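What the coordinates show
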Amino acid sequence: MRIGIVCYPTFGGSGVLATELGKALADKGHQVHFITYQQPVRLNVFNANIFYHEVRVPTYPLFDYPPYEVALASTMVDVIMNHDLDLLHVHYAIPHASAAYMAKQIVLNKTGRSVPFITTLHGTDITLVGRDKTYEPVVTFSINESDAITAVSENLKEETFKHFPITKEIQVITNFVDVNRFAKKPIDAFRKVIAPNGEKILLHASNFRKVKRVDDVIKIFAEVRKQIPAKLMMVGDGPERPSTENLARELGVDEDVRFVGKQEQMEEILAVSDVFLLPSEYESFGLAALEAMAAREIVISTNAGGLPEINIHGVTGFMANVGDVATMSAFAIDILKNEHKLSAMKEAAYAHATKYDITNIIPIYEKLYRQYCRTGDC
Ligand code: GMT
């Protein structure tokens, strides 16, 4: 099949997922065309089946806001027509679904061909941004106009129906992980650099937005640090980072916390860590937690959104209510003091992650594509 993938090219979960999906489809012989404003961060391999089309947004002094959605829809039209795409798969509704709708109408008008588009809902496009009444009518319309709609968790499907008048079925296709890539042997030398005296290593990775409650990560670590020699790695970057660094200083744990910024080789970092902390206000799924589990790391998270669908309390990690720092700290202290239980739970986390292995999920997307593919030979 010839598939167009539209996503955010940054470190966010939806872009990561879309890129990994495209790479896997290309490996299976499909022709994949990424349409984004930048090379996606995980699109770091050469594959003859992968094409990248940059969306350029010409500026003009009149524009306070360059019309990205228009540029995106026009690029979609160009790629559909010149590469004879069978379908478009857009990740994150805003503004990708409405741009896809526009592109579809233009191609239909020009050629009489109806090119299907599939919209995958990822999280904040529904639970945060999309619900803003400035965007809601366009979001609702373009989701309903999608030929197929998928959501990355049961929780996100429920949230979508709760907050938008959606008239179509939403298929849940969960996020996935390439277990082979993440189940790496820890590099001892690397572990020693971070924890020279054999300290336990806790990890958090996100885009440091409010919804991630990064302050809670520092507060949990400060409690753990009172009882156990430990280090904390903070991966990623975003608006909350400066205040989080301040908090680490205020709580006197800054010597043991490393803010390492955005990292491409997450698997090396995950492999040496013991506990992944994700105290988010909301996660539709929590892809970062799944990648951690695949790397044999246990997850201590909140029970918000779709997290209970992947983090099994007492098996793959532990959960508490949003903001319940005391309980999350107690879970972390308890498990880090019990080496035997920690090892067993790490294996359980890994075993659970294998259920979400990329090889199980890609065929589900291929099946969906075949249902909508315009040519009979798909
Ligand atoms: O987590 C973020 O803020 C980034 C965001 C995105 O769209 O890039 O992530 C959302 O999509 C991910 C991939 O499906 C999910 O794993 C995340 O849970 C979800 N984030 C939220 O719902 C806050």
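For clarity, every value in this text was computed on a predicted model and none was experimentally measured. Throughout this document, residue positions are counted from 1 along each chain, in the order its sequence is written. In keeping with the predicted nature of the model, local features appear solely for residues at pLDDT of at least 70, side-chain atom pairs appear and are counted solely at 80 or more, and the whole-chain, interface and lining totals rest on all residues. Note that water and hydrogens are dropped before the side-chain values are worked out from all heavy atoms of the structure.

Another point: the site of the ligand. Here a residue is near a molecule or strand as soon as one of its heavy atoms is found within 4 Å of it. His122, Asn175, Arg209, Lys212 and Glu283 are the nearest of the 18 residues found near the ligand. Identification of polar contacts relies on pairs of N or O atoms within 3.5 Å, with a donor-acceptor requirement for protein atoms, meaning one able to donate a hydrogen and the other able to accept it, and with residues adjacent in sequence counted only if both atoms are side-chain atoms. In this structure, leucine 287 approaches the ligand through a main-chain N or O atom, which is 2.9 Å from an oxygen atom. To measure how exposed things are, a 1.4 Å probe is used in the Shrake-Rupley method; for residues, cover is taken only from the protein chains shown. In isolation the ligand offers 480 Å² of accessible surface; the protein chains occlude 96% of this area. The pocket occupied by the ligand, as judged from atoms lying within 2 Å of grid points, is the largest pocket. When the residues that make up the shell around the ligand are grouped by side-chain class, the tally is 5 nonpolar, 10 polar and 3 charged. Put simply, the grid is 1 Å and covers the protein atoms alone, a cavity is a trapped set of points that fit a 1.4 Å probe, a pocket is an open set with protein on both sides within 12 Å along at least five of seven lines, and lining residues have an atom within 4 Å of a point. For a molecule to be placed in a cavity or pocket, more than half of its atoms must lie within 2 Å of the grid points of that cavity or pocket. Any residue outside Ala, Val, Leu, Ile, Met, Phe, Trp, Tyr, Cys, Pro, Asp, Glu, Lys and Arg is labelled polar, Gly included; the first ten of those are nonpolar and the last four are charged.

This next bit is on helix 10 (residues 241–250). Taken together, the buried positions of helix 10 are Arg241, Thr244, Leu247 and Ala248. Projected down its long axis, helix 10 shows its buried positions confined to an angular sector of 115°, all on one face. Relative to its buried face, helix 10 has exposed residues pointing more than 90 degrees away, namely Pro242 and Glu250. A contact between two residues is defined here by any heavy atoms of the two lying within 4.5 Å. By the criteria applied, helices consist of DSSP H or I runs no shorter than four residues and strands consist of E runs no shorter than two, each listed in order from the N terminus. Tucked into the core, helix 10 has its buried residues touching helix 9 (214–227), strand 9 (230–236) and strand 10 (257–261). Glycine 252 sits one or two positions beyond helix 10 and adopts a positive phi of about 70°. To sort residues, take the accessible area from a 1.4 Å probe on protein chains only and compare it with the maximum for the residue type: under 20% means buried, over 50% means exposed, and anything in between is partly exposed. Here, the arc refers to the directions that run from the helix axis to the C-beta atoms.

The next thing to look at is the layout of surface pockets. Computed from the structure, the largest pocket encloses a volume of approximately 1200 Å³. Around the largest pocket, the lining comprises 47 residues; the ones closest to its centre are Phe11, Gly12, Gly13, Ser14 and Asn207. Breaking the lining of the largest pocket down by element, the ones donating at least two residues are helix 1 (13–27), helix 3 (93–111), strand 8 (200–206), strand 9, helix 11 (266–272) and helix 12 (287–294). With 5 residues, the single largest contributor to the lining of the largest pocket is helix 1. When its residues are assigned to classes, the lining of the largest pocket shows 19 nonpolar, 17 polar and 11 charged. Domain start and end points were adopted from an automatic or database domain assignment. Formed jointly, the lining of the largest pocket draws a minimum of three residues from each of two domains, domain 1 (2–176 + 358–372) and domain 2 (179–356). The calculated volume of the second largest pocket comes to roughly 300 Å³. Lining the second largest pocket are 16 residues, and of these Pro186, Ala271, Ala295, Arg296 and Lys346 sit closest to its centre. The set of elements that each furnish at least two residues to the lining of the second largest pocket consists of helix 11 and helix 15 (339–354). The element that contributes the greatest number of residues to the lining of the second largest pocket is helix 15, accounting for 5 residues. Grid points are joined across faces, edges and corners, and a volume is the space filled by probe spheres set on the points.

Take the side chain of serine 142 next. As for its placement among the helices and strands, serine 142 is situated in helix 5 (residues 136–145). Here serine 142 falls in the buried class, since its relative accessible area comes to 1%. If sequence neighbours within four positions are ignored, serine 142 has contacts with Ala97, Ser98 and Phe117.

Another aspect to go through is the environment of glutamate 154. Within the secondary structure, glutamate 154 is located in helix 6 (residues 154–163). Relative accessible area serves as the criterion here: at 40%, glutamate 154 is assigned to the partly exposed category. Measuring from C-alpha to C-alpha, the distance between glutamate 154 and glutamate 250 comes to 39 Å, with 96 residues separating the pair along the chain. Contacts of glutamate 154, omitting those with residues within four sequence positions, involve Val172 and Glu309.

Take unusual backbone geometry next. The omega angle of the peptide bond from isoleucine 94 to proline 95 is -10°, so this bond is cis rather than trans. Summarising the element assignment, proline 95 is placed in helix 3. Unlike most non-glycine residues, tyrosine 92 shows phi in positive territory, near 80°. With respect to the helices, strands and loops of the structure, tyrosine 92 is situated in the loop between strand 4 (87–91) and helix 3. In this model, phenylalanine 208 sits at a positive phi of 50°, which is unusual for a non-glycine residue. Given a relative accessible area of 0%, phenylalanine 208 falls into the buried group.

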